[in-house]
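# Coordinate inspection notes
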Amino acid sequence: MKLVSAIIKPFKLDDVREAIAGLGIEGMTVTEVKGFGRQKGHTELYRGAEYQVDFLPKVKLEIATKDEHLDHLLEVITEAARTGKIGDGKIFVTELEQAIRIRTGETDTEAL
C-alpha cells in the first residue's frame, strides 16, 4: 500500500476530485495548507500599502491506495492539477505499512 500526498492549487481541487472518483478511489483527506516553493511568495497591495505574502494557500490531498493502482492515480492527479504555470504543486509517495478501519476492524487493503 502507498500513501499519496499531493499539494495542489486550491482551485484545482474539484478537477482532481472528479478525476480521482473515476478511478474508483473511495476516499481522501483534504487539508487547507500554506507554503512556498520556487514561487517564493509574492507582493500584494492592501489600502495602498504593499506587503509581502510569503506563504501561499494550497490544498493537501492524502490518498491511501493499493500498489497496483499507484501509477494510474499519479497520472490522473498530475493531469487534473496541471496548469502549466509555476506553483502547480508536488506529489509525494510514501510506503503505508498498515491501515485499519476502526468501525469493522478490517486491515490493510480491505480497510482502504
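Just so you know, the residues in each chain are numbered from 1, in the order the chain's sequence is written. pLDDT decides what is reported in this predicted model: residues at 70 or higher carry local features, side-chain atom pairs at 80 or more are listed and counted, and totals for whole chains, interfaces and linings draw on all residues regardless. Here the side-chain values reflect all heavy atoms present in the structure, with hydrogen atoms and water set aside.

In the annotation of an unreviewed UniProt entry, the protein is listed under the name P-II family nitrogen regulator and assigned to Shewanella corallii. UniProt positions are given in the numbering used here, feature names are shortened, and annotations may be inferred rather than shown by experiment. Per its UniProt entry, the protein bears the Sequence similarities (unreviewed entry) comment "Belongs to the P(II) protein family."

## A closer look at the overall build of the protein
Counting its regular elements, the protein contains two helices and six strands. Across its three principal directions, the C-alpha atoms of the protein cover 55 × 25 × 20 Å. Whether a residue is buried, partly exposed or exposed follows from its accessible area with a 1.4 Å probe, protein chains only, as a fraction of its type maximum: under 20%, in between, or over 50%, in that order. Out of the 112 residues in the protein, the part that is buried amounts to 28%. We call two residues in contact whenever any of their non-hydrogen atoms come within 4.5 Å of each other. Put simply, of all contacts in the protein between residues at least 6 apart along the chain, 70% involve residues at least 24 apart. In the structure as shown, the protein presents an accessible area of about 7,700 Å², 50% of it carried by carbon and sulfur atoms. Positive charges come from Lys and Arg, negative ones from Asp and Glu, while His and the chain ends are left out of the count. The atom standing in for a charge is NZ when the residue is Lys, CZ when it is Arg, CG when it is Asp and CD when it is Glu. Side-chain charges in the protein split into 16 positive and 20 negative, and the spacing between the mean points of these groups amounts to 7 Å. Strands here are runs of E lasting at least two residues and helices are runs of H or I lasting at least four, both read from the DSSP assignment and numbered beginning at the N terminus. The Shrake-Rupley method, run with a 1.4 Å probe sphere, supplies the accessible areas, and residue values consider only the shown protein chains as cover.

## Quick word on the packing of helix α1 (residues 13-21) against helix α2 (residues 70-81)
Between N-to-C directions, angles cover 0 to 180 degrees, with each direction set by a line fitted to C-alpha atoms, over the stretch in contact for helices. Running from N to C, α1 and α2 point in directions that differ by 150 degrees, and their axes come no closer than 8 Å. Classified by the interaxial angle, the pair formed by α1 and α2 is roughly antiparallel. Between α1 and α2 lies a crossing whose hand is right-handed. Where α1 abuts α2, its residues D15, V16, A19 and I20 lie against L73, V76, I77, A80 and A81. Orientation is classified from the angle alone, with under 35 degrees giving roughly parallel, over 145 giving roughly antiparallel, 65 to 115 giving roughly perpendicular, and any other angle giving oblique. Crossings are classed by handedness, with left-handed meaning an anticlockwise turn of the near helix from the far one by less than a right angle and right-handed meaning a clockwise turn.

## Structural notes on α2
Since the α-helix turns once every 3.6 residues, residues separated by three or four places project in the same direction. A helix is expected to span 1.5 Å multiplied by its residue count minus one. Between the first and last C-alpha of α2 there are 16 Å, a value that for twelve residues agrees with the 16 Å anticipated at 1.5 Å per step. Inspection of α2 places L70, L73, V76, I77, A80 and A81 among the buried residues, and these make up the whole buried set. Each buried residue of α2 sits inside an arc of 130 degrees when the element is viewed along its axis, so together they form one side. Projecting away from the buried face of α2 at angles above 90 degrees are the exposed residues D71, E75 and E79. Lining the buried residues of α2 we find β1 (2-8), α1, β5 (56-65) and β6 (89-95). In this description, one arc is meant: the one made by directions from the helix axis to the C-beta atoms.

## What about the nonpolar core?
Here the nonpolar core consists of buried residues drawn from Ala, Val, Leu, Ile, Met, Phe, Trp, Tyr and Cys, with membership extended through side-chain atoms lying within 4.5 Å. With 14 residues, the main nonpolar core has I8, V16, I20, L61, I63, L73 and I77 as its most contacted residues. Of all the secondary structure elements, the ones that give two or more residues to this core are β1, α1, β5 and α2. Tallying contributions element by element places α2 first for this core, with five residues. Dropping the residues within four chain positions of it, I77 is found in contact with V4, A6, V16, I20, I63 and I91.

## Section: the sheet that holds β6
Pairing between two strands requires that DSSP report at least two bridges joining them. A sheet is described by the order of its strands in space; here four strands give the open sequence β2-β5-β1-β6, paired in antiparallel fashion. Lying at the two open borders of the sheet, with one neighbouring strand each, are β2 (29-35) and β6. Neighbour-to-neighbour, the strand axes of this sheet turn through a mean angle of 20 degrees, independent of strand direction. In the sheet, β1 pairs with β5 via seven bridges, with the strands oriented antiparallel.

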